[in-house]
Amino acid sequence: MDALYLDFVNSEFRDFRGRWVRDELEQPGWVEAFLLKWGLQVESPLDTTTRALLVALRTLLSRVIETLTKEGQISEQEQSTLNAVLLKVPLHRHLRKERQGYQVEMVPVKKDWDWVQAEVVASFVHTLASHDARRLKICANPNCRWVFYDESKSRTKQYCTSDTCANLMKVRRFRAHHTESLSS
């Protein structure tokens, strides 16, 4: 599973207890680490305008994922917007020799921030096209809202992690039930 878009969307990090929100795009070093992790070497440094574009892309992807999880599909306008991001980057094909044979790769004409945005969107649309989009979920903890791909056999996973969000929500349900029982 290609998780480039998941890392990007989840760069707005929320405390699962609802105490704070941290925007990783504003944190020194996070963007550089993200680019390095995903092999996205950019020729120009991140500036304020580009950071705003990245935040807007994250907002768009979050909204699209929310629409997808609620309605089972995305709107034509959302699809057009995603396609517009993909079209921002001219690519050419390159033949490469590997041990097992030959590989054709898509190489951007220019490795800039438009390319980074297109790669994030391409990662997301690849999931839509090649995987079960119904497995893409948002954590049921209203304070968390972490986006994840449910790889469980039953497809019923509701929380991003069982040791934090699922456990916290279980404790909250127990306490609420226990409080109701005491007041009855």
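Residues numbered from 1 in each chain as written. Predicted model: local features only at pLDDT ≥ 70, side-chain atom pairs only at ≥ 80, totals over all residues. Heavy atoms only, no water.

S.K.: Before we go on, may I ask you to explain unusual backbone geometry in this structure?
M.R.: Negative phi characterises most residues that are not glycine, and trans characterises most peptide bonds. In this structure, arginine 145 is a non-glycine residue whose phi angle is positive, near 65°. Take arginine 145: it is sitting in the loop between strand 5 (136-138) and strand 6 (147-149). At arginine 155, a position not held by glycine, the phi torsion is positive, near 60°. Tracing the chain through its elements places arginine 155 in the loop between strand 6 and helix 6 (162-183). (Helix = DSSP H or I, 4+ residues; strand = E, 2+ residues; numbered from the N terminus.)

S.K.: Just to check I follow, could you spell out the pairing of strand 3 (residues 91-98) for this structure?
M.R.: A regular strand carries its side chains on alternate faces of the sheet. In terms of strand pairing, strand 3 meets strand 4 (residues 101-108) through eight bridges, oriented antiparallel. Each residue of the ladder has a partner; that of glutamate 98, found in strand 4, is glycine 101. In textbook terms, the turn of a hairpin is the stretch between consecutive antiparallel strands, and for strand 3 and strand 4 this stretch comprises two residues. (Pairing = 2+ DSSP bridges.)

S.K.: Please explain the nonpolar core as it appears in this structure.
M.R.: It is characteristic of soluble globular proteins that their nonpolar side chains tend to be buried jointly. Membership of the largest hydrophobic core comes to 35 residues, with the highest contact counts inside it found for Phe8, Leu57, Leu61, Leu82, Val120, Phe124 and Leu136. Contributing elements (two or more residues each) for this core: helix 1 (4-9), helix 2 (30-37), helix 3 (48-71), helix 4 (76-87), helix 5 (113-130), strand 5 and strand 6. Residues within four places of leucine 61 in sequence aside, it is in contact with Phe8, Val9, Leu82, Val120 and Phe124. The next biggest cluster of nonpolar side chains, apart from the first, holds nine residues, and it includes Phe16, Cys144, Cys165 and Ala166. (Core = buried A, V, L, I, M, F, W, Y, C linked by side-chain atoms within 4.5 Å. Buried < 20%, exposed > 50% of the residue type's maximum accessible area, 1.4 Å probe, protein only. Contact = heavy atoms within 4.5 Å.)

S.K.: I keep staring at the pattern of salt bridges and nothing clicks. Help me out?
M.R.: Opposite charge on two side chains lets them pair, provided their charged atoms get close. This structure, assessed with the given rule, holds 13 salt bridges. A salt bridge links aspartate 132 to arginine 134, with the nearest nitrogen and oxygen atoms 3.0 Å apart. With relative accessibility at 64%, the residue arginine 134 sits in the exposed group. Linking lysine 137 and aspartate 150 is a salt bridge whose minimum nitrogen-to-oxygen distance equals 2.8 Å. Of this pair, lysine 137 sits in strand 5 while aspartate 150 is found in the loop between strand 6 and helix 6, placing the two residues 13 residues apart along the sequence. What emerges from the salt-bridge pattern is a single network uniting Glu66, Lys70 and Arg145. (Salt bridge = Lys/Arg side-chain N within 4 Å of Asp/Glu carboxyl O.)

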